[in-house]
Structure formats: structure tokens, C-alpha cells
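# Close look at the chain arrangement
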Amino acid sequence: MHELSLAMNIIEIAAEEQHKAGSGTILSVELEVGTLSGVVIDALEFALEVSVKGTVLEHARIELHPIEAEASCNQCSHVFRVGDLFTSCPRCQSYDTRLVRGHELRFRSLTME
Amino acid sequence: MCDTCGCGQPDQPASIRKPGNPVSHTHIHEHTHHHGDMEHTHPHEHLHEHPHPHEPGQDPDHAHHFHDANHEHSHGTQIMVGQDLLAKNNLRAERNRGYFEARHITAINLVSSPGSGKTSLLEKTILALQNKISFFIIEGDQQTMLDADRIHQTGAPVIQINTGNGCHLDAMMVNKAVKELDPTDHSLLLIENVGNLVCPSLFDLGESKRVVIMSTTEGEDKPLKYPNMFRTSHLCVINKTDLLPYVDFQTEKARQYALRVNPHLEFIELSVKSGEGLDLWYKWLQVNRS
């Protein structure tokens, strides 16, 4: 349930941004979650639903944008889509790859009234 | 579940204790507290309530919308934030790392599923090397002082973090524990994480090396099932090799699976019980000390 810790981080960042902006109601927030970030999107949605009550995000619309994972081969530099962390390069079959997209856990933006 | 941080029951906060000391209930997360009008209720329209798997090839811009309280068209001011959700933990971890580097302390984060033999490995290591190395130990468990009490028997300074219902240690907990433990310069700080191959992988503690331990009584497919942990580790210790004649575990297969996830992973096979391979582990520790 590390998703709940992340939900609390999201609320904390939103509160800080609201404070920086002076005041106002937060209408919506956008979050980016990589498909190989180690976070289950449904679990994060659930964690947010239960934890926003009584916070600055209670009435906000929350958008979770999944970021599809892409890996780059360290041997032949080929870039390809991956659904897990143990797919070999389709061009040279090497497992020596690194994730270039898909590990994101990011607070993209928020919209204030 | 703690409604502030999700780290455990509010009446069972994460606590830090030394063997022999009474319970100190320190809540070791930092929070911004928000107190809204709790009696004020709102109906929430949930636009997506069905399971929503994401396969490669799906539209990457497809977003989940939920918790929509009739703000379908928001015409406000958009503020770009672009902050990593783990930024606070990562920042705290870097602070820990800087402190360790300045004092030539080598910090090692030991992760595994429960029952792989982390604590037994620590006991044996301390007893074998304590004349050469100053050990300081942080034990992470959801409940009990049992592990800290075992380490205490070896004579090494130890502190127990009980996370309550929390599933991992984070950099803040380690920061507080280190302040209490006060490791000396040039010492070796061994941090035994909560037995869990999932959540601890996301939380940098400021360690210099991460060591994942698996044992021959587990399936050799663990690296594929829990890839994040093997991806982020530097060394994989395969423990309980004395049981190999009695179990179906294929060491070579386990290595191959782990190398698919992390081609740079090192391996040491050993048995804490028989002592086989421990010399390789001791050597690794000495070589990787700062």
C-alpha cells in the first residue's frame, strides 16, 4: 500500500501550490504515472478517493495520465515499447536495456479557480 | 490506517526504539495537516469505476478522470508543477547520503521477502567481522523488537524502527534513526528493511548499496515477479545453499532471470547455516566500504 503514501504526497504538493498561489479553490490536478513505475493506477485512484476528504483536493477533479513505457537498448540504441522490465531488445536480443519512459510518478499541473 | 500518511494506525505510529529502552512513540513522518469541514459531505460522481488495465499499444494520452465534483469544465488558471511524487523522500535520501559520505559511513540497504535469512546473515556477519569493522544496525519491521534483540546479543549498536502497518522504511525514518543511533566515522551501517519485495524498491534511503537476498526455499522466478527490487539492487545474495540437495531451486535459472531484469547485478551464493560462501560476502563488504 505505498500508493497511500503517494496519495498523501500528492495532497501535500497540492496544498503547497495552493499556498504559493495565495488562495483559491483547486479545480483539478493532473498526475503522470508510468506504467512501470511500480504503482498500480487503480490502487492509487482508490488511495486518493479515500484520502482527499477534508483536504484541499476534496472537490478537485483528478486526472491520472498513464505514461507508456519505452526502453532503450544499451547495445544497439534501439528504442522500443515495453510492458515489463525483462523484455529483451527486439533488434539484438540483449537484456541490457534502460527505461527511458514509463517510470514517472509526477505531479504535472493543477488548475486554480 | 493512519489518515495522515498511511503508515499505520493513528494509535500505532511508527516508532524508534533501542533494546532495553521503553517505547517512544515518535511519529516520524512530516506532514502538512489539513483540517477541512468533516461534517460537510458531497456526493461524488465517479466517471470510471471499472478495472482499467493498461497494455502497451494503448493510447498513452488516455487519462483516468475521477473524483469529479461537477467541475467537468474548469476555466481556472493552470499552474505547471512537474514535481516528482517521491521528491521529498529522494531529497531526504540525498541528505542522508551526504551525511554518510562526509563521515565515511557505508550504508547498505538489505531487502528481501520475509524469511530469507536477513537477520541471521547480519548476526553471523557482525560476529565474524566486529574486530575489524564498527557495525551499526537499523532494523525495520512492522511490529516487535525481536530482530533488534537478536542483534543486540552480538554487542553491535542497534535501533528498531517499527512501521506499524507501514510496508517499507523511508528516508525520513532512517534519518531519525541515524540521529538516535549516532554511527561513528568509518563505520558500516546495515539497514534491514521490512520483509517485502514490492514497496521498499521505490524508497531510496540514502544507501550506497542495495542488497537483495533470496533463498533456495523460494521460487527462482522471484526476480521476474518482483522486477523493481532486482532492478534497483547492486548485489543479489542467494542464501540457504545448504538446502539445495533437498529443494527444486535451480540457481542458474534464478541468476538468468535476475540478469534479464538487471544485467549489472552481482551474485553471491552462501549458506548462513553452514558458512559456505560467507567469505565471499565478507570480501564484498570490505571492497564496497567507503
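Residues numbered from 1 in each chain as written. Chains lettered and ligands numbered in written order. Predicted model: local features only at pLDDT ≥ 70, side-chain atom pairs only at ≥ 80, totals over all residues.

### Topic: the overall build of chain B
Keep this limit in mind: The helix count covers DSSP runs of H or I at least four residues long, the strand count covers runs of E at least two residues long, and both are numbered beginning at the N terminus. Any residue with 12 or fewer other C-beta atoms within 10 Å of its own C-beta is exposed, any with 20 or more is buried, and the rest are partly exposed; the C-beta atoms used are placed from the backbone. We call two residues in contact whenever the C-beta atoms placed from their backbones are within 7 Å.
Tallying secondary structure elements over chain B gives eight helices and ten strands in all. Looking at the 290 residues of chain B, the share that counts as buried comes to 40%. The contacts in chain B between residues at least 6 apart in sequence include a share of 71% that link residues at least 24 apart.

### Topic: the sheet that holds strand E1 (residues 26–34) of chain A
Sheet strands associate in pairs through backbone hydrogen bonding, adopting either a parallel or an antiparallel arrangement. For clarity, the cut-off: Any two strands with at least two DSSP bridges between them are considered paired. Note on geometry: axes are lines fitted to C-alpha atoms, helical ones only across the stretch in contact, with angles between N-to-C directions running from 0 to 180 degrees.
Taken in spatial order, the five strands line up as E2(B)-E2(A)-E1(A)-E6(A)-E3(B) in an open sheet, and their pairing is mixed. What marks the edges here is a single partner per strand, and that holds for strand E2 (64–66) and strand E3 (77–84) of chain B. Each strand axis lies, on average, 15° off the axis of its neighbour in the sheet, ignoring direction. Bridge count for E1(A) against strand E6 (residues 105–112) of chain A is seven bridges, and the pairing is antiparallel. Along E6(A), the bridge assignment pairs Val33(A) with Leu105(A).

### Topic: helix H2 (residues 118–129) of chain B
In an α-helix, one turn spans 3.6 residues; hence positions three or four apart end up facing the same way. All names here are of chain B. Using the following cut-off: The span one expects for a helix is its residue count, reduced by one, times 1.5 Å. Directions are taken from the helix axis to each C-beta atom, and the arc is the one they span.
Its twelve residues place the ends of H2 16 Å apart at the C-alpha level, agreeing with the 16 Å of an ideal helix rising 1.5 Å per residue. Taken residue by residue, H2 has Lys118, Thr119, Leu121, Leu122, Thr125 and Ile126 as its buried positions. Looking down the long axis of H2, one finds its buried residues gathered within 155° of arc, a one-sided arrangement. Along its buried surface, H2 packs onto strand E4 (106–112), strand E5 (135–141), helix H3 (146–154), strand E7 (188–192), strand E8 (209–215) and strand E9 (235–239).

### A look at the confidence of the model for chain B
Residues and elements named next belong to chain B. Worth spelling out the cut-off: Values of pLDDT, which run from 0 to 100, indicate the predictor's confidence residue by residue.
On average, residues of chain B carry a pLDDT of 84, and 78% of them reach 70 or more. Every residue in residues 1–12 is under pLDDT 50, and counting partners more than four places away or in other chains gives 34 contacts. Low pLDDT (under 50) marks residues 29–58, which in the prediction has 45 contacts with non-local residues, meaning those over four places away or in another chain. Scored as a whole, the predicted complex attains pTM 0.82, and scored at its interfaces, ipTM 0.87.

### So, the nonpolar core
What counts here: For our purposes the nonpolar core covers buried Ala, Val, Leu, Ile, Met, Phe, Trp, Tyr and Cys residues that link as a set through C-beta atoms within 7 Å.
Ile10(A) and Ile191(B) are the most contacted members of the largest nonpolar core, which totals 92 residues. The biggest single contributor to this core is helix H1 (residues 2–20) of chain A, with eight residues.

### Focus on the packing of H1(A) against helix H2 (residues 41–51) of chain A
Residues and elements named next belong to chain A. Heads up, the rule is: Between 65 and 115 degrees an angle is taken as roughly perpendicular, under 35 as roughly parallel, over 145 as roughly antiparallel, and anywhere else as oblique. Handedness of a crossing is defined here by the sense of rotation of the near helix relative to the far one, left-handed for an anticlockwise turn of less than a right angle and right-handed for a clockwise turn. The residue classification treats Ala, Val, Leu, Ile, Met, Phe, Trp, Tyr, Cys and Pro as nonpolar and Asp, Glu, Lys and Arg as charged. All others, Gly included, are polar.
Contact pair H1 / H2: the axes reach a minimum separation of 8 Å and the direction vectors enclose 55°. Compared by their axis directions, H1 and H2 come out oblique. Between H1 and H2 lies a crossing whose hand is right-handed. In this structure, H1 uses Glu3, Leu4, Leu6, Ala7, Met8, Ile10 and Ile11 to contact H2, whose residues at the interface are Ala43, Leu44, Ala47, Leu48 and Ser51. Here the contact of H1 with H2 is built from residues that sort into ten nonpolar, one polar and one charged.

### Some words on the packing of H2(B) against H3(B)
All names here are of chain B. Relative orientation of the contacting elements H2 and H3 amounts to 15°, with a least axis distance of 9 Å. The orientation of H2 with respect to H3, classified from their angle, is roughly parallel. Of the two elements, H2 crosses H3, and the hand of that crossing is right-handed. Side by side, H2 and H3 meet where Thr119, Leu122, Glu123, Ile126 and Leu127 of the first sit next to Asp147, Arg150, Ile151 and Thr154 of the second. By residue class, the composition of the contact of H2 with H3 is four nonpolar, two polar and three charged.

### Details of the pairing of strand E6 (residues 158–162) of chain B
All names here are of chain B. With five of its five residues buried, E6 lies for the most part within the structure. Burial along E6 is two-sided: the residues Val158, Gln160 and Asn162 and Ile159 and Ile161 are all buried. Looking at chain direction, E5 and E6 are connected through five bridges and run parallel. Within E6, the residue paired with Asp141 across the bridge is Asn162.

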